[in-house]
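# Examining the three-dimensional arrangement
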Amino acid sequence: MKELWNIYKKGIIAENPIFVLALSLCPALAVTSTATNALTMGLSVLFVITTNNCVVSLTRKIVNPKVRVPVYITSIATIVTLVQLLLQAYAPLLYKALGIYLALIVVFAIILARAEVFAAKNPIIPSFFDGLGMGSGFALAMTSIGIVRELLGMGSIFGFQILGSWYNPALIMILPAGGFILIGYMVAGYKIMLDNMAKRQAERSEA
Amino acid sequence: MEQYFTIFISAVVVNNFVLTRFLGLCIFFGVSKNLNASIGMGMAVTSVMTLSSMLAWIVHHFVLVTFHLQFLTTAVFVLLIASFVQLLEMIIKKQAPALYNMWGIYLLLIATNCVVLGVPLINADSGYSFSLSVVHAIGSGLGFALAIVLMASLREKLRLADVPKSLQGLGIAFILAGMLALAFLGFSGMIAL
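Residues numbered from 1 in each chain as written. Chains lettered and ligands numbered in written order. Predicted model: local features only at pLDDT ≥ 70, side-chain atom pairs only at ≥ 80, totals over all residues.

## Remarks on the overall build of chain B
From N to C terminus, chain B includes eight helices and zero strands. Reading the helices (α) and strands (β) of chain B from amino to carboxyl end gives α-α-α-α-α-α-α-α. For a compact globule of 193 residues, the expected C-alpha radius of gyration is about 16 Å, and chain B comes in at 18 Å, within 12% of that figure. The principal-axis extent of the C-alpha atoms belonging to chain B is close to 60 × 45 × 30 Å. For chain B, with 193 residues in total, the buried portion stands at 45%. Of the contacts formed within chain B by residues at least 6 apart in sequence, a portion of 78% connects residues at least 24 apart. (Helix = DSSP H or I, 4+ residues; strand = E, 2+ residues; numbered from the N terminus. Rg over C-alpha atoms; globule rule 2.2 N^0.38 Å. Buried ≥ 20, exposed ≤ 12 C-beta atoms within 10 Å, placed from the backbone. Contact = placed C-beta atoms within 7 Å.)

## Let's talk about the overall build of chain A
A count of helical and extended segments in chain A gives nine helices and two strands. Taken from N to C terminus, the helices and strands of chain A fall in the order α-α-α-α-α-α-α-α-β-β-α. Computed over C-alpha atoms, the radius of gyration of chain A comes to 19 Å, within 12% of the 17 Å expected from 2.2 N^0.38 for 207 residues, which places it in the range of a compact globule. C-alpha extents for chain A along the principal axes are approximately 60 × 60 × 25 Å. The buried share of chain A, taken over its 207 residues, is 46%. Within chain A, counting contacts between residues at least 6 apart in sequence, those at least 24 apart form 76% of the total.

## Considerations on the environment of Ala115 of chain A
Along the chain, Ala115 of chain A turns up in helix 7 (residues 109-119). Taking the C-alpha atoms as reference, Ala115 of chain A lies 24 Å from Leu98 of chain A; in sequence the two are 17 residues apart.

## Side note on the nonpolar core
Judged by nonpolar contacts, the single largest core of 114 residues is most densely connected at Val78 and Ile110 of chain B. For Ile110 of chain B, the residues in contact, after removing those within four places along its chain, are Ile27, Ala44, Val45, Val48, Val85, Val115 and Val116 of chain B. (Core = buried A, V, L, I, M, F, W, Y, C linked by C-beta atoms within 7 Å.)

## Observations regarding the interface of chain A and chain B
The interface of chain A with chain B comprises 31 residues on the first partner and 33 residues on the second. Residue assignment for the side of chain A that touches chain B shows that the elements contributing at least two residues are helix 2 (25-30), helix 4 (68-90), helix 6 (100-103) and helix 9 (176-206) of chain A. When residues of the side of chain A that touches chain B are assigned to their parent elements, the largest contribution, ten residues, is made by helix 9 of chain A. Grouping the amino acids of the side of chain A that touches chain B by side-chain chemistry returns 25 nonpolar, five polar and one charged. (Nonpolar A, V, L, I, M, F, W, Y, C, P; charged D, E, K, R; others polar.)

## Things to note about the environment of Leu72 of chain B
Topologically, Leu72 of chain B is positioned in the loop between helix 3 (35-64) and helix 4 (73-95). The spacing of Leu72 of chain B and His60 of chain B is twelve residues in sequence and 9.8 Å in space, taken between C-alpha atoms.

## A look at the environment of Thr34 of chain A
Residues and elements named next belong to chain A. Residue position: Thr34 is located in the loop between helix 2 and helix 3 (35-58). Assessed through the 21 C-beta atoms surrounding it within 10 Å, Thr34 is described here as buried. Residues Thr34 and Glu150, 116 residues apart in the sequence, show an inter-C-alpha distance of 5.0 Å. Setting aside residues no more than four positions away along its own chain, Thr34 makes contact with Gly146 and Glu150.

## Looking at the packing of helix 1 (residues 2-12) of chain A against helix 8 (residues 124-154) of chain A
All names here are of chain A. Direction vectors running N to C along helix 1 and helix 8 enclose 30°, while the axes themselves pass 7 Å from each other. With respect to their mutual orientation, helix 1 and helix 8 come out roughly parallel. The crossing of helix 1 and helix 8 is right-handed. Residue-level contacts link Leu4, Ile7, Tyr8, Lys9, Lys10, Gly11 and Ile12 of helix 1 to Pro126, Phe129, Asp130, Leu132, Gly133, Met134, Ser136, Gly137 and Leu140 of helix 8. Here the residues of the contact of helix 1 with helix 8 sort into nine nonpolar, four polar and three charged. (Axes fitted to C-alpha atoms, helices over the stretch in contact; angles between N-to-C directions. Parallel < 35°, antiparallel > 145°, perpendicular 65-115°, else oblique. Left-handed = near helix turned anticlockwise from the far one by under 90°.)

## Focus: the confidence of the model for chain B
All names here are of chain B. Across chain B, pLDDT averages 85, with 96% of residues at or above 70. Considering each helix and strand of chain B separately, the mean pLDDT is smallest for helix 5 (residues 97-110), with a value of 74, and largest for helix 7 (residues 130-158), with 91. Note on the complex model: pTM 0.85, ipTM 0.81. (pLDDT = per-residue confidence, 0-100.)

## Points about unusual backbone geometry
Residues and elements named next belong to chain B. Positive phi values are uncommon outside glycine, yet Phe22 reaches one of about 55°. Relative to the assigned elements, Phe22 resides in the loop between helix 1 (2-14) and helix 2 (25-31). Of note, the phi angle at His68 is positive, near 55°, even though the residue is not glycine. Inspection of the secondary structure puts His68 in the loop between helix 3 and helix 4. Overall, the presence of 7 C-beta atoms within 10 Å leaves His68 in the exposed class.

## Some remarks on the confidence of the model for chain A
On average, residues of chain A score 86 in pLDDT, and 100% of them reach the 70 mark or higher. Averaged pLDDT values over the elements of chain A bottom out at 79 in helix 2 of chain A and peak at 92 in helix 3 of chain A.

## Examining the packing of helix 1 of chain B against helix 7 of chain B
All names here are of chain B. At a minimum axis distance of 7 Å, the contact between helix 1 and helix 7 shows a crossing angle of 25°. What the angle tells us is that helix 1 and helix 7 run roughly parallel. Judged by the twist between their axes, the crossing of helix 1 over helix 7 is right-handed. Of the residues in helix 7, those touching helix 1 at Tyr4, Ile7, Phe8, Ala11, Val12 and Val13 are Leu132, Val135, His136, Gly139, Ser140, Leu142, Gly143 and Leu146.

Here's what the structure looks like:
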């Protein structure tokens with residue numbers, strides 16, 4: 001049980017897909033101008049990565065290693081198509097807002113990387129938790145970027161007005177340039193946090 | 001004629017592939033450490049993008065639309081482009097080893113990447129004709145090349161700068177890209193599509 005929890009936790013903090021591994025950056029900028037879009041995208045990726053990890057792990061003994069990459073891509077593409085159809089049917093507005101980035105989940109490096117590095121070598125239960133962890137790390141990072149950008153750029157969070165009319169929205173935050181600059185500082189902040197955590201751990205082991 | 005020009009300029013600067021549409025960021029940040037490598041990457045992306053857009057348009061128009069299979073677009077495009085790039089790599093390796101040495105490695109990097117998949121998807125979504133798709137692909141490729149070459153030149157200068165420790169690496173690269181995006185913002189509104 002402890003082991004599974006560690007696998008899950010790793011994806012959220014130590015190997016966060018966006019801030020640490022710097023994989024799948026495109027959606028982190030493109031759809032984070034509002035918190036709702038960012039959360040939807042995060043949950044879609046969480047679903048795709050977890051399902052795909054399970055599929056890859058279940059088929060790992062059948063698939064010939066020579067053709068593994070096309071098999072992974074086909075599996076990912078199928079799951080993404082499912083997500084697309086579901087969103088199109090039940091949340092057409094969100095589907096429109098996410099645009100081609102939803103289809104582009106197919107080529108997210110993080111999903112293929114987890115299939116190749118983890119799911120292809122491990123049984124289904126650890127693979128499921130690995131996907132869940134990586135997906136949650138991604139969704140959390142996306143949502144936090146989305147919340148900051150929406151708050152500064154429009155004075156609201158998830159569409160609810162938070163800051164009063166005295167606040168003059170900094171439009172730049174919802175424009176591309178603001179996204180880039182904000183993520184730059186967030187990556188730096190994350191690095192400081194990880195360094196501090198490592199330092200504290202080192203002190204504790206010395207004591 | 002005017003429409004072609006509008007789409008071309010819009011793809012190069014107004015809706016710049018990297019700085020406005022946020023596609024191909026992994027490559028943009030990964031390869032832009034070195035100017036020569038980024039020129040090679042720009043060339044590779046432009047040519048692959050153009051060729052795969054043509055292929056994807058043909059398949060989309062004559063197979064997917066004809067048989068009402070549009071919901072398969074994502075799956076078909078990604079497999080089509082990945083296998084096409086692999087094939088292209090083999091042909092170039094065999095027929096033009098000099099060219100292969102120059103940008104063979106970049107081909108593998110872009111085989112499954114949003115940079116190449118993005119353009120055919122936008123073409124299919126916007127319902128461009130064949131020639132418009134090609135013009136749009138060339139424009140997007142050149143826009144990508146422009147952005148990555150600018151970024152590489154800036155990052156080469158940055159090596160001499162004194163950057164705070166926590167911002168080093170990816171952090172400062174993002175902020176730099178933000179400045180570049182701010183500059184490109186000046187083009188928006190130039191063309192109304």
